[in-house]
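The primary structure of each chain is shown beneath.
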Amino acid sequence: MRIASFNINNINRRLPNLLEWLRETEPDVVSLQELKTTDAEFPAKAIHEAGYEAVWRGQKTWNGVAILARWTPVLTCYELPGDPTDIQSRYIEAAVNGALVASLYAPNGNPQPGPKFTYKLAWLKRLAAHAAGLYATGAPVVLAGDYNVVPTDRDIYPTKSWGKDALLQPESRAAYAYILAQGWVDAIRMLHPSEPMYTFWGYKRPRWERDAGLRLDQILLSRSLVDRLRAAGVDRGMRGREDASDHAPVWIELREASKVRRASEVSQGHAAPATDFNHRPLLVIDGDSFAHRFYHALPKTIRRTDGKGAGAIVGFANFLLRLFQEEWPRAVIVAWDTLEVPTERHKKFPAYQSGREFDDALLDQLKALPEFVAACGFANAKASGYEADDFLAAAVAAEERRGGTALVASGDRDAFQLASETTTILHPLRGGEIARIGPAEVRERYGVDPKQVPDFIALRGDPSDKLPGARGIGPKGATDLLRQQLACQRHDGASGHRNREMSFAVTSISGVELLPGP
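Being a predicted model, the structure only gives us computed values, none of them experimental.

Core analysis: the biggest nonpolar cluster contains 53 residues, and Tyr91, Trp123, Leu127, Leu143, Trp184, Ile285 and Phe316 have the highest contact counts within it. If we ignore the near neighbours within four places in the chain, the residues touching Ile285 are Phe290, Phe316, Phe319, Leu320, Leu323, Val332, Ile333, Val334, Ala335, Leu392 and Ala409.

Further remarks concern the pairing of strand β16 (residues 406-409). Each regular strand carries side chains that alternate between the two faces of the sheet. Residues Ala406 and Val408 point to one face of β16 and Leu407 and Ala409 to the other, with burial holding for every one of them. Bridging between strand β13 (residues 282-286) and β16 involves 4 bridges; their strand directions are parallel. Residue pairing in the sheet places Ile285 in a bridge with Ala409 of β16. For β16 and strand β17 (residues 423-428), the ladder comprises 4 bridges, and the chain directions are parallel.

Here we take up the sheet that holds strand β15 (residues 379-381). Across the sheet, 6 strands lie side by side as β15-β14-β13-β16-β17-β18; this open sheet has mixed pairing. In the strand order of this sheet, the two ends are held by β15 and β18 (434-437), each with one partner. Adjacent strand axes in the sheet meet at a mean angle of 25°, parallel and antiparallel pairs treated alike. Relative to strand β14 (residues 331-335), β13 runs parallel, the two sharing 5 bridges. Bridge pairing links Leu283 to Val332 in β14. Sitting on the sheet, helix α9 (residues 311-327) touches β13, β14, β16, β17 and β18, and the angle it makes with β13 is about 160°. Sheet strands in contact with helix α13 (residues 439-446) are β17 and β18, and its direction is about 100° off that of β18.

Right, let's get into the sheet that holds strand β4 (residues 65-69). Read across the sheet, 6 strands follow the order β3-β4-β2-β1-β12-β11 without closing on themselves; strand pairing throughout is mixed. Of all strands in the sheet, those bounded by a partner on one side alone are β3 (53-57) and β11 (229-234). If you compare each strand with its neighbour and ignore which way they point, the axes differ by 10° on average. As paired strands, strand β2 (residues 29-33) and β4 are joined by 5 bridges and run antiparallel to one another. Residue pairing across strands places Gln33 opposite Val65, the latter belonging to β4. Its contacts with the sheet place helix α1 (residues 15-25) against β1 (2-7), β2 and β4, and it is angled at close to 160° to β1.

Moving on, we get to the packing of helix α3 (residues 115-136) against helix α4 (residues 170-180). Two elements in contact, α3 and α4, have axes whose closest approach is 9 Å; the angle formed by their N-to-C orientations is 5°. As the angle between them shows, α3 and α4 are arranged roughly parallel. The segment α3 lies against α4, with Phe117, Lys120, Leu121, Leu124, Leu127, Ala128 and Ala131 engaging Glu171, Ser172, Ala175, Tyr178 and Ile179. For the contact of α3 with α4, the per-class residue count stands at 9 nonpolar, 1 polar and 2 charged.

Before going further, it helps to examine the packing of aromatic side chains. This structure, assessed with the given rule, holds 10 aromatic pairs. Ring geometry for Phe42 versus Trp56: centroids 4.2 Å apart, planes at 15°, classification stacked. Residue Phe42 is located in the loop between β2 and α2 (44-49), and its partner Trp56 is located in strand β3; the two are separated by 14 residues in the primary sequence. On the basis of relative accessible area, Phe42 is assigned to the buried category, the value being 6%. Taken together, the ring pairs in this structure connect Phe290, Phe294 and Phe319 into an aromatic cluster. Its end group placed over the ring of Tyr78, Arg57 keeps NZ or CZ at 5.3 Å from the ring centre. For Lys300, the ring lying beneath its charged end belongs to Tyr295, and the centroid distance is 4.6 Å.

So, how was this worked out
- Residues numbered from 1 in each chain as written.
- Predicted model: local features only at pLDDT ≥ 70, side-chain atom pairs only at ≥ 80, totals over all residues.
- Heavy atoms only, no water.
- Core = buried A, V, L, I, M, F, W, Y, C linked by side-chain atoms within 4.5 Å.
- Buried < 20%, exposed > 50% of the residue type's maximum accessible area, 1.4 Å probe, protein only.
- Contact = heavy atoms within 4.5 Å.
- Helix = DSSP H or I, 4+ residues; strand = E, 2+ residues; numbered from the N terminus.
- Pairing = 2+ DSSP bridges.
- Axes fitted to C-alpha atoms, helices over the stretch in contact; angles between N-to-C directions.
- Parallel < 35°, antiparallel > 145°, perpendicular 65-115°, else oblique.
- Nonpolar A, V, L, I, M, F, W, Y, C, P; charged D, E, K, R; others polar.
- Phe/Tyr/Trp six-rings, centres within 6.5 Å; stacked < 30°, edge-to-face > 60°.
- Lys NZ or Arg CZ within 6 Å of the ring centre and 35° of its normal.

So far we have only geometry, and geometry alone does not tell us how the molecule works.
Next up, the structure:
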């Protein structure tokens, strides 16, 4: 995927240059800045005819940002959070092909000192706060645009004439460095650590002709995209064309996520995904588990065009597409809980999951997510009186009967009971990493076999589900009892029956009566 950033400096005036560049370089995603046009005058028709969909936020005379993409960009943020009084069009953000892409146009800040420089620093501080929230999610994020900061002296031609300019002030550079310190990677500097790589040449004092350039336009990548970076550069020839912008496009190329996975697995001695479709794994996902996770992890400022929340939708969509690219499953099933009517578990144990309340914004997004799943061509599993866990277990049992393999993605450790030689649990960790849980990992974590996990939870209890457990028995006691039971079974030559239901209680184990907790 090729992603570019271009300060076009008046999109309607320089539309022929933009369209010609799009035809020549064929970027997949483009962040544009300094549109200098109103929303109504944005050349959407010409952009569409060039093969791109777009989201934009214009502004008369100055500013304006947009995102063009070969896929339909899903608008997630229409302005930089943190100052509701700020009416300048300098930030827009959208989900595109499994990544969150931002187009930003930081304030110039001149003259300094003064109110414009104060606004610049305040804006960069707000950007840092928003960037930190995005980075913490572990999602693939691209922050592309005109930062209006010369990061270091190697990012400007040899000169002392810019010494008092806002672009080079220590405060401006410190604000940019603070963002990088969060973990963001400057793609150009990662691949071109010592070359000038200028992106801006002013119109005055023939700066283009004598290559008196500055590097103001940067593409920052979150941690999950760094391994996919394969190329980066500046299309500096654009600056030399007739009636050119004073900026040149900066661009990066990202490998497909699936190719990164295969390369890493081969280096570790693992085989690449099976090319035979029928031998690829079935991927089953606990939809509610991840929707809840992303709703609480992503900023609530991520919204749809109608103003409704979109954090859970964006997070889940990126996760689903990334997982599909990385695992190459033969089919995908997303399982959902029933919230409207009680399940069999609630009927047998009224306290089960009692006291849970969900925000209206989350419930609204939970209604929309199955539509996205269906639009991707994947299957939804939901039925009155059942939980997502029921469908996970049923799908795994059916896949094992046909002699296939399964991947179960869930943030709920109850799913560990499904781990087997042919079923792997994909369990989320901090920072967006995914742990692969098999029988050995279950035994390492709990000290019991996967088939004993339901009994372990029943003995130990589960506060999140309001299951009291056995009185006086904690995790260690539960493990000891189950190991004793397994030893007795092996001694008697018995093979424990594999419980494929997502059960939450048993009546007795090794003669211990399970009683309600205090």
